Amino acid sequence: MDFDQARYARDDRYEPLLSEKNAAREEIDDSPLPDELTRDAVELPGLSEPELARHYTRLSQMNWSVESGPYPLGSCTMKYNPSFTEDVAADPNAAIHPDRSPRTSQGTLELLYELQDYLARIGGMDAVTLQPPAGAAGEFTGILVAKAYHESNGDDRSEVVIPASAHGTNFASAAMAGYDVVELPSGDDGRVDMEALDAALSEDTAALMLTNPNTVGLFERDIVEIAEMVHDVGGLLYYDGANLNALLGRGRPGDMGFDIMHYNVHKTFATPHGGGGPGAGPVGVVSELEPFLPNPRVREKGGNYRLEDAEDSIGKVHGYTGNWFVLVKAYAYIARLGDAGLSDASAKAVLNANYLAEQLDYEVPYEPFHHEFAATAGDRDAADVAKRMLDYGVHPPTTKWPEFVPEAMLTEPTEIENRDSLDDLAHAFNAAMADSDEELENAPSRTTARRIDQVGAARDPQLSWQALDDE
Ligand SMILES: *Cc1c(COP(=O)(O)O)cnc(C)c1O
């Protein structure tokens, strides 16, 4: 038998392009269709369904995902999305055209209305819009609402105060809304420095943006006083909801004095995360700000649901009522877990982070933390340690951020991991730290891709094989 070994040997680091697979075999027969119905211009690879299915399955196996193992990226909250939420969103009855009249889409509107209500109750807010398509878009929307509120009072304010440790999107959202950003340094204990805050606030302050617990997992104990200080100068307090997992069912931003918040439904509830969307970042506000929320919102009267526009609204920030299928998944998740399930999720998120940190041979400078913690790699390079962790079969944490923690490894195991999986993670952390400098510098050695040019990938992306061919 003529057995071509090379042809059948699989290289785990290489999967040819579909066009290469096609080129490697004989011409397929001419189309049986008449000439006038065929085109030459479409160069689709002539492959069978199993070939295609295997190609994409192999590509998926070369990637890491939260379905392959833990994904402890601090601040990003990468957790498993239960598949029942996909089933609910895939129900043909869920797929109705958004231009249908409210009279014939009462069920859709009822679901959206209830989700607005769930989120308002979870956050301690008075009103919610579901329109923004991501957390960052929620921030931008929330800051526009703050601006509209101040303007309606004839109040001209030019600054938004943001802690240095905040997520980059906070700075971008405030700047895009036309504000000057005043950066607040972190205090020695990793929390808001009250003196620095006092100095930063003024009659020019439109809002202070905070996440609580903050980026290193610390609860801002002075939050009630902070809220008073912001309100005393006529400013608004904005809650970045990315860390809501730590508080879910236990504490509510509205009760702490926050006036506006966004919800990262893909971090706190269940919807896919990353890859550029689609996502959802609903925004909640206290009653004084409700008139400015985006149009339209779902309202209810006498058991009828309808879409209403408000006169003072900032307008639309997305088509229709937002990313419907994403919102359906968040709704399904909240409805399935209920109050007890949601607070259980936050308890486990905090327990898991604390259990994991206990197992690590790393210093954790800021304590007591909640759902995430910033370990430091000390005199090792955090990025090298992270690359080495890949060789131990786990995904590493977020590295080198926040910047005030030297060689930070910002870690968030999330509530979904069990004790075995946390122990595996701890082993990878500790084993990588114990390896030689050479092993760290040459890592990863057991993955499909070695070190990639991250700056090049971001600044000069090659999004198709044609671009590669042109090189
Ligand atoms: C993820 C994140 C955001 C941005 O949310 P997206 O939904 O990714 O746009 C904002 N703030 C913090 C703290 C985050 O972790």
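Residues numbered from 1 in each chain as written. Predicted model: local features only at pLDDT ≥ 70, side-chain atom pairs only at ≥ 80, totals over all residues. Heavy atoms only, no water.

- The name an unreviewed UniProt entry assigns to the protein is glycine dehydrogenase (aminomethyl-transferring), from the organism Halogeometricum limi.
- Reading the Catalytic activity (unreviewed entry) entry of the UniProt record for the protein gives the comment "N(6)-[(R)-lipoyl]-L-lysyl-[glycine-cleavage complex H protein] + glycine + H(+) = N(6)-[(R)-S(8)-aminomethyldihydrolipoyl]-L-lysyl-[glycine-cleavage complex H protein] + CO2". (UniProt positions renumbered as here; feature names shortened; annotations may be inferred.)

1. Here we look at unusual backbone geometry
Then, in step 1: Cis geometry marks the peptide bond from Asn 295 to Pro 296; its omega dihedral reads -10°.
Then, in step 2: Structurally, the position occupied by Pro 296 is in the loop between strand E7 (283-285) and strand E8 (297-301).
Then, in step 3: The backbone of Glu 407 shows a phi angle near 45°, a positive value even though the residue is not glycine.
Then, in step 4: Tracing the sequence through the fold places Glu 407 in the loop between strand E11 (398-399) and strand E12 (408-411).
Then, in step 5: In this structure Glu 407 comes out as partly exposed when scored by relative accessible area, which is 25%.
Then, in step 6: Positive phi, close to 70°, is recorded for Thr 414, a residue that is not glycine.
Then, in step 7: With relative accessibility at 1%, the residue Thr 414 sits in the buried group. (Helix = DSSP H or I, 4+ residues; strand = E, 2+ residues; numbered from the N terminus. Buried < 20%, exposed > 50% of the residue type's maximum accessible area, 1.4 Å probe, protein only.)

2. A closer look at the pairing of strand E9 (residues 304-308)
Then, in step 1: Here five bridges tie E8 to E9, and the two strands are oriented antiparallel to one another. Paired with Arg 299 across the strands is Arg 306, a residue of E9.
Then, in step 2: Here E8 hands over to E9 after two residues, with Gly 302 in that stretch at a positive phi of 55°. (Pairing = 2+ DSSP bridges.)

3. Some thoughts on the pattern of salt bridges
Then, in step 1: Per the counting criterion, the structure on display carries 19 salt bridges.
Then, in step 2: A salt bridge links Glu 308 to Arg 306; the shortest N-O distance between them is 3.0 Å.
Then, in step 3: Overall, Arg 306 belongs to the partly exposed group, its relative accessible area being 37%.
Then, in step 4: Between Arg 388 and Asp 391 there is a salt bridge, with its nearest N and O atoms 2.9 Å apart. Of the two residues, Arg 388 and Asp 391 both sit in helix H13 (residues 382-391), three residues apart, roughly one turn of that helix.
Then, in step 5: Each of Arg 388, Asp 391, Asp 435 and Glu 439 takes part in a single network of salt bridges with overlapping partners. (Salt bridge = Lys/Arg side-chain N within 4 Å of Asp/Glu carboxyl O.)

4. A word on the site of the ligand
Then, in step 1: The environment of the ligand is formed by Ser 75, Ala 134, Gly 135, Ala 136, Glu 139, His 167, Thr 169, Asp 240, Ala 242, Asn 264, His 266 and Lys 267.
Then, in step 2: Within the side chain of Ser 75, an N or O atom sits 2.6 Å from an oxygen atom of the ligand.
Then, in step 3: Take Gly 135: an N or O atom from its main chain is 2.8 Å from an oxygen atom of the ligand.
Then, in step 4: Computed on the free molecule, the ligand has an accessible area of 380 Å², of which 89% lies beneath the protein chains in the complex.
Then, in step 5: Of the residues forming the shell around the ligand, the biggest block, three residues, is contributed by helix H6 (residues 135-152).
Then, in step 6: Partitioned by chemical class, the residues of the shell around the ligand number three nonpolar, six polar and three charged. (Near = heavy atom within 4 Å. Polar contact = N/O pair within 3.5 Å; in protein donor to acceptor, adjacent residues only side chain to side chain. Areas by Shrake-Rupley, 256 points an atom, 1.4 Å probe, with all protein chains shown as cover. Nonpolar A, V, L, I, M, F, W, Y, C, P; charged D, E, K, R; others polar.)

5. Focus: the nonpolar core
Side chains of a nonpolar character, in soluble globular proteins, are inclined to be buried together.
Then, in step 1: The biggest cluster of nonpolar side chains holds 53 residues, and the ones touching the most others in it are Leu 208, Ile 226 and Phe 269.
Then, in step 2: Elements with a minimum of two residues in this core: helix H5 (106-123), helix H8 (194-200), strand E4 (205-210), helix H9 (223-232), strand E5 (236-240) and helix H12 (324-359).
Then, in step 3: A per-element tally of this core places H12 first, with nine residues.
Then, in step 4: Apart from residues no more than four positions distant in its own chain, Phe 269 is found in contact with Lys 79, Asn 81, Leu 119, Ile 122, Leu 248, Asn 264, Ala 330, Tyr 333, Ile 334 and Leu 342. (Core = buried A, V, L, I, M, F, W, Y, C linked by side-chain atoms within 4.5 Å. Contact = heavy atoms within 4.5 Å.)

6. Re helix H7 (residues 168-176)
Then, in step 1: Among all positions in H7, only Asn 170, Phe 171, Ser 173 and Ala 174 are buried. Along H7, the residues classed as buried sweep out an arc of 165° about the axis, all on the same side.
Then, in step 2: Against H6, strand E2 (159-163), strand E3 (180-184), E4 and E5 lie the buried residues of H7.
Then, in step 3: Once H7 ends, the next one or two residues include Gly 178, with phi positive near 95°. (Arc of directions from axis to C-beta.)

7. Here we look at empty space enclosed by the protein
Then, in step 1: Per the counting criterion, the structure on display carries three cavities of 30 Å³ or more.
Then, in step 2: Taken as a whole, the largest cavity holds about 110 Å³ of empty space.
Then, in step 3: Looking at the largest cavity, it is lined by 16 residues, and the ones nearest its centre are Pro 163, Ser 165, Val 192, Leu 210 and Glu 220.
Then, in step 4: Taken together, the residues that form the lining of the largest cavity break down as seven nonpolar, seven polar and two charged.
Then, in step 5: The calculated volume of the second largest cavity comes to roughly 50 Å³.
Then, in step 6: Around the second largest cavity, the lining residues are Ser 75, His 167, Thr 211, Thr 215, Asp 240, Ala 242, Asn 243, Glu 372 and Trp 401.
Then, in step 7: Tallied by class, residues from the lining of the second largest cavity come to two nonpolar, five polar and two charged. (1 Å grid on protein atoms, 1.4 Å probe; cavity = no way out; pocket = protein on both sides within 12 Å on 5 of 7 lines; lining within 4 Å. Points joined across faces, edges and corners; volume = space filled by probe spheres on them.)

8. Section: the environment of Arg 39
Then, in step 1: Tracing the backbone through its elements, the reader meets Arg 39 in the loop between helix H2 (18-23) and helix H3 (49-61).
Then, in step 2: Judged by relative accessible area, Arg 39 falls into the exposed class, the value being 66%.
Then, in step 3: Expressed as a C-alpha distance, the spacing of Arg 39 and Val 328, which sit 289 residues apart in the sequence, is 41 Å.

9. Points about the sheet that holds strand E1 (residues 127-129)
Then, in step 1: Read across the sheet, seven strands follow the order E1-E7-E6-E5-E4-E2-E3 without closing on themselves; strand pairing throughout is mixed. Edge positions in the open sheet fall to E1 and E3, since each of these has one partner strand only. Mean inter-strand twist for the sheet, computed between neighbouring axes without regard to direction, equals 20°.
Then, in step 2: Pairing geometry for E2 and E3, over five bridges, is parallel. Residue Val 160 lies in a different strand from E3, and its bridge partner there is Val 181. (Axes fitted to C-alpha atoms, helices over the stretch in contact; angles between N-to-C directions.)

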